[in-house]
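# Secondary and tertiary structure notes
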Amino acid sequence: MAPFTNEAGSEQRFDVNLSILFTELPLLERPAAAAAAGFTAVELWWPWIETPTPPRAELDALKKALDDAGTRLVGLNFYAGRLPGPDRGALSLPGEESDRFRANIDVAADFAASVGCKALNALYGNRVDGVDARTQDALALENLVLAARAAGRIGATLLIEALNRPESPHYPLVSAEAAIGVVDRVNEATGLGNAAFLLDIYHLSMNGLDAEALTEVIDTYADRTGHVQIADNPGRGAPGTGTLPLQDLLDRLRKAGYEGWVGLEYKPGDRPSAESFDWLPPDARSARQG
């Protein structure tokens, strides 16, 4: 695929996922690296894999790194276990992991509020052998209601993401419809209406959706979408390294009314992350805020 046109790029709001890009650098150096590449917005998986409640000094240091770089955090995951790694969230796992998720809710929400982040992603968690799926789903709803209320307290959206079955075979939300079903149940339970779909084009394509099917998902759920993430397929690389018509799909999203952030959640390949943005004109990287 040819690089995105300036016109198309300038009408999108892109952010860089610092948990998959610039990982060759320490966490606190990544916001400045993204800024040096021309970006003003970033997102993160929960950075402290081992703990849902990091020391205040570590939270403050990350806030300072974001502020010093002039980058805005526009998306943050709640604690999700070992990610990257075998885990895909904690909120539906009975016992210690559910407790860790609950301990993280206010920590994540308060940190998001401190940096102006308005989107919190709650990964559902894998199915557990020997545990009834209905038990996990009931626990998930309890925890998602708590997360939605915390997000509502800071004026943020709670995101529910569909992943892909080949890479996450034990994760139950592997379609837009499944994720939207959870969104609906959370909104019904809270009455807040602040849960929304995280539409990850790469994950949906890995589930076998071709361009036509992806377009149908966009047309059907654009108004329920709170955040978008992209990577090309195959390979989960930068746009243009695979076969997905990403510019066409993002154009379709915009025409369907989506005006939110588009997270760059792709692998840079065998080159430094800073060299993986040649598909996007430099003047389209510094996003309009909103």
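A quick note: this is a predicted structure, and the numbers were derived from the prediction, not measured.

## Remarks on the sheet that holds strand S2 (residues 41-44)
Strand order around the closed barrel formed by eight strands is S1-S2-S3-S4-S5-S6-S7-S8, with parallel pairing between neighbours. Ignoring which end each strand starts from, the neighbouring axes of this sheet average 30° apart. Against the sheet, helix H4 (residues 96-115) contacts strand S3 (72-77) and strand S4 (119-121), and its axis sits at roughly 170° relative to S3. Taken strand by strand, helix H9 (residues 246-255) contacts strand S1 (13-17), strand S7 (225-230) and strand S8 (261-264), and its axis lies near 170° from that of S7.

## Considering the side chain of Glu 161
Tracing the chain through its elements places Glu 161 in strand S5 (residues 157-161). Summary of buried charges: Glu 161 has no salt-bridge partner, and the nearest side chain of opposite charge, Arg 236, is 6.1 Å away. A distance of 3.0 Å separates the side chain of Glu 161 from the side chain of Asn 121, its partner in a polar contact. For Glu 161, the contacting residues outside a window of four places in its chain are Asn 121, Leu 123, Tyr 171, Leu 173, Ala 179, Leu 198, Asp 200, His 203, Gln 229 and Glu 265.

## Focus on the nonpolar core
Counting 87 residues, the largest nonpolar core has Leu 158, Ile 201, Leu 264, Phe 277 and Trp 279 as its most contacted members. Ranked by residues supplied to this core, first place goes to H4 with seven residues. In contact with Leu 264, not counting residues within four places along its chain, are Phe 14, Asp 15, Val 16, Asn 17, Ile 20, Leu 21, Phe 39, Ile 230, Phe 277 and Trp 279.

## Side note on the packing of aromatic side chains
Applying the stated criterion across every chain yields a total of eight aromatic pairs. Ring geometry for Tyr 266 against Trp 279: centres 6.4 Å apart, planes inclined by 70°, an arrangement best described as edge-to-face. Within this pair, whereas Tyr 266 is found in the segment after S8, its partner Trp 279 is found in the segment after S8, the two being separated by 13 residues in sequence. A single burial state applies to Tyr 266 and to Trp 279, both of which are buried. Linked through ring pairs, Phe 14, Phe 22, Phe 39, Tyr 266, Phe 277 and Trp 279 together constitute an aromatic cluster. The positively charged end of Arg 13 is found above the aromatic ring belonging to Trp 261, 4.3 Å away from the centroid.

## Description of the pairing of S1
Most of S1 is tucked away, with five of its five residues classed as buried. Alternating positions in S1 separate into two faces, Arg 13, Asp 15 and Asn 17 on one and Phe 14 and Val 16 on the other, with burial throughout. Sheet topology note: the S1/S8 ladder contains four bridges and is parallel. Pairing of Phe 14 across the sheet is with Val 262, part of S8. Across two bridges, the pairing between S1 and S2 is parallel. Across the sheet, Asn 17 pairs through a bridge with Glu 43, a residue of S2. In the classification by handedness, the crossover that spans S1, the intervening helix H2 (residues 30-36) and the parallel S2 is right-handed.

Rules of the game
Residues numbered from 1 in each chain as written. Predicted model: local features only at pLDDT ≥ 70, side-chain atom pairs only at ≥ 80, totals over all residues. Heavy atoms only, no water. Pairing = 2+ DSSP bridges. Helix = DSSP H or I, 4+ residues; strand = E, 2+ residues; numbered from the N terminus. Axes fitted to C-alpha atoms, helices over the stretch in contact; angles between N-to-C directions. Contact = heavy atoms within 4.5 Å. Buried < 20%, exposed > 50% of the residue type's maximum accessible area, 1.4 Å probe, protein only. Lys, Arg positive; Asp, Glu negative; His and termini not counted. Salt bridge = Lys/Arg side-chain N within 4 Å of Asp/Glu carboxyl O. Polar contact = N/O pair within 3.5 Å; in protein donor to acceptor, adjacent residues only side chain to side chain. Core = buried A, V, L, I, M, F, W, Y, C linked by side-chain atoms within 4.5 Å. Phe/Tyr/Trp six-rings, centres within 6.5 Å; stacked < 30°, edge-to-face > 60°. Lys NZ or Arg CZ within 6 Å of the ring centre and 35° of its normal. Right-handed = clockwise from strand over helix to strand, strands pointing away.

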